[in-house]
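# Topology and contacts: notes
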Amino acid sequence: MKAGDWSWLELTKIVTGVLTPLTILIITFLINENLRRIDAENGREAAVIDLSEVIYARRVRAELLASGLRRHNADPTDRSLVELIERKTAYDEAYVDWNKRSQSNLLVMRGILDSKIYTALEAVVEFHLFGEVFQPLDSCLTAAYDEAVRGRDVSQTLEGCGVKGLLSFTLICGYAITDELYAAASSAIADRESSMFQSGEIAASCGVPASTPRFQGIIPSE
């Protein structure tokens, strides 16, 4: 073996000895970063699932109460009255749970969207889903229930407040919000909030005009 060959061999050993730990360190860092990203993504997705359960729990309880009101109104019996009272109790529990978690739900949305300030999605839930639908729906069902337990006809009350339309709206709007939010939670893009509104699904399903000042620049104009 020549002296030059020996020098290159030793140099190769030295370089390999230096690079191998560095390579392992880089690979370990990349793996840990990927695991953190996956954990964060899974956490966001779990938060969306929990939020959707809260929205749908209230909507389903309202649907069951409305159904019980119609059935008792058509054929009032002791059994139908007991069922109606049970459904109203279950609805009240969902109502309380929603209001108890209303602020935390908004903060969860903000966290999912990685925002430090009030988001357009929070406004959709607070003013459109809740303010324009859930609140009048609650007033409608409560008024009808109060009449039903007094033996009065509730058909005009339910029809007058448009209970079917309100229930339909909660289903369509609630689905759009949770569907788009889940897609955003699963995304690695930086601006998740804007991505939620690009399809126009939330705006169309929740009755949000693109001209609304809060949503200008977020919701695409028609």
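Scroll up for the structure.
Residue numbering note: each chain is counted from 1, following its sequence as written. Reporting in this predicted model follows two pLDDT cut-offs: at least 70 for local features of residues, and 80 or more for side-chain atom pairs to be given and counted; totals over whole chains, interfaces and linings ignore these cut-offs and use all residues. Side-chain measures were taken over the full set of non-hydrogen atoms in the model, leaving aside hydrogen atoms and water.

### Here's the deal with helix α2 (residues 78–100)
Helix and strand definitions follow DSSP, with helices as H or I runs of at least four residues and strands as E runs of at least two, each counted in order from the N terminus. Expected helix span is computed as 1.5 Å times (number of residues minus one). Compared with an ideal rise of 1.5 Å per residue, which puts 23 residues at 33 Å, α2 spans 33 Å between its outermost C-alpha atoms and is within 8% of the ideal. Under the scheme applied here, a residue whose accessible area is under 20% of the maximum for its type counts as buried, over 50% as exposed, and between as partly exposed, the area being computed with a 1.4 Å probe on protein chains only. Those residues of α2 that fall on the buried side of the exposure criterion are S80, L84, R87, K88, A90, Y91, A94 and W98.

### Re the packing of α2 against helix α4 (residues 120–148)
Two elements in contact, α2 and α4, have axes separated by 12 Å at closest approach and are oriented at 155 degrees. Between α2 and α4, the crossing angle belongs to the class labelled roughly antiparallel. Seen from above, α2 lies across α4 with left-handed handedness. In this structure, α2 contributes L84, I85, K88, Y91, Y95, W98 and N99 to the contact, and α4 contributes V125, L129, F130, F134, D138, L141, T142, Y145 and A148. Each residue belonging to the contact of α2 with α4 can be placed in one class, and the counts come to 12 nonpolar, two polar and two charged. Only the stretch in contact is used when fitting a helix axis, every axis being a line fitted to C-alpha atoms; angles between N-to-C directions are given from 0 to 180 degrees. Between 65 and 115 degrees an angle is taken as roughly perpendicular, under 35 as roughly parallel, over 145 as roughly antiparallel, and anywhere else as oblique. Left-handed describes a crossing whose near helix is turned anticlockwise from the far helix through less than a right angle; right-handed describes the clockwise counterpart. For this analysis, residues touch if any pair of their heavy atoms sits within 4.5 Å. Amino acids are sorted into nonpolar (Ala, Val, Leu, Ile, Met, Phe, Trp, Tyr, Cys and Pro), charged (Asp, Glu, Lys and Arg) and polar (every other residue, Gly among them).

### Considering helix α3 (residues 102–112)
Burial in α3 covers these residues: N105, L106, M109, R110 and I112. Along the axis of α3, the buried residues cluster in a sector spanning 165 degrees; they form a single face. A positive backbone phi angle near 55 degrees is found at D114, which sits one or two residues after α3. By definition, the arc is the one covered by directions from the helix axis to the C-beta atoms.

### Overview of the packing of α3 against α4
Direction vectors running N to C along α3 and α4 enclose 155 degrees, while the axes themselves pass 9 Å from each other. When the axis of α3 is compared with that of α4, the two are roughly antiparallel. When you trace α3 past α4, the crossing you get is right-handed. Contact with α3, carried on its side by L106, M109 and R110, involves L121, E122, V125 and E126 of α4 and no other residues of that element. Its residues placed into classes, the contact of α3 with α4 shows four nonpolar, no polar and three charged.

### Things to note about the nonpolar core
Residues belong to a common nonpolar core when they are buried Ala, Val, Leu, Ile, Met, Phe, Trp, Tyr or Cys residues joined through side-chain atoms within 4.5 Å. Grouped together as the largest cluster of nonpolar side chains are 46 residues, with contacts concentrated most on L69, L121, L141 and L181. Of all the secondary-structure elements, those providing two or more residues to this core are α1 (3–74), α2, α3, α4, α6 (163–185), α7 (192–197) and α8 (201–206). Beyond its immediate stretch of four places on either side in the chain, L141 contacts A62, L65, A66, L69, Y91 and V163.

### Structural notes on the state of the cysteines
The disulfide definition used here is simple: a pair of cysteine sulfur atoms within 2.5 Å. The full count for this structure, using the stated rule, is two disulfides. Linked covalently through their sulfurs, C140 and C161 form a disulfide whose S-S length is 1.7 Å. A residue pair is termed long-range when its members are at least 10 positions apart, and C140 in helix α4 and C161 in the loop between α5 (155–160) and α6 qualify at 21 residues. Counting its disulfide-bonded cysteines in sequence order, the chain shows a connectivity of 1-2, 3-4.

### Points about the packing of aromatic side chains
Pairing of aromatic rings covers Phe, Tyr and the six-membered ring of Trp, with a centre-to-centre limit of 6.5 Å; geometry is then stacked below 30 degrees between planes, edge-to-face above 60, and tilted otherwise. Taken as a whole and judged by the stated rule, the model has two aromatic pairs. Look at W98 and F130: their rings are 6.2 Å apart centre to centre, the planes differ by 20 degrees, and that puts the pair in the stacked class. Placement of W98 in helix α2 and of F130 in helix α4 is noted, with a sequence separation of 32 residues between them. Among the aromatic side chains, those forming a connected cluster through ring pairs are W98, F130 and F134.

None of the figures reported here should be taken as evidence of function without further support.
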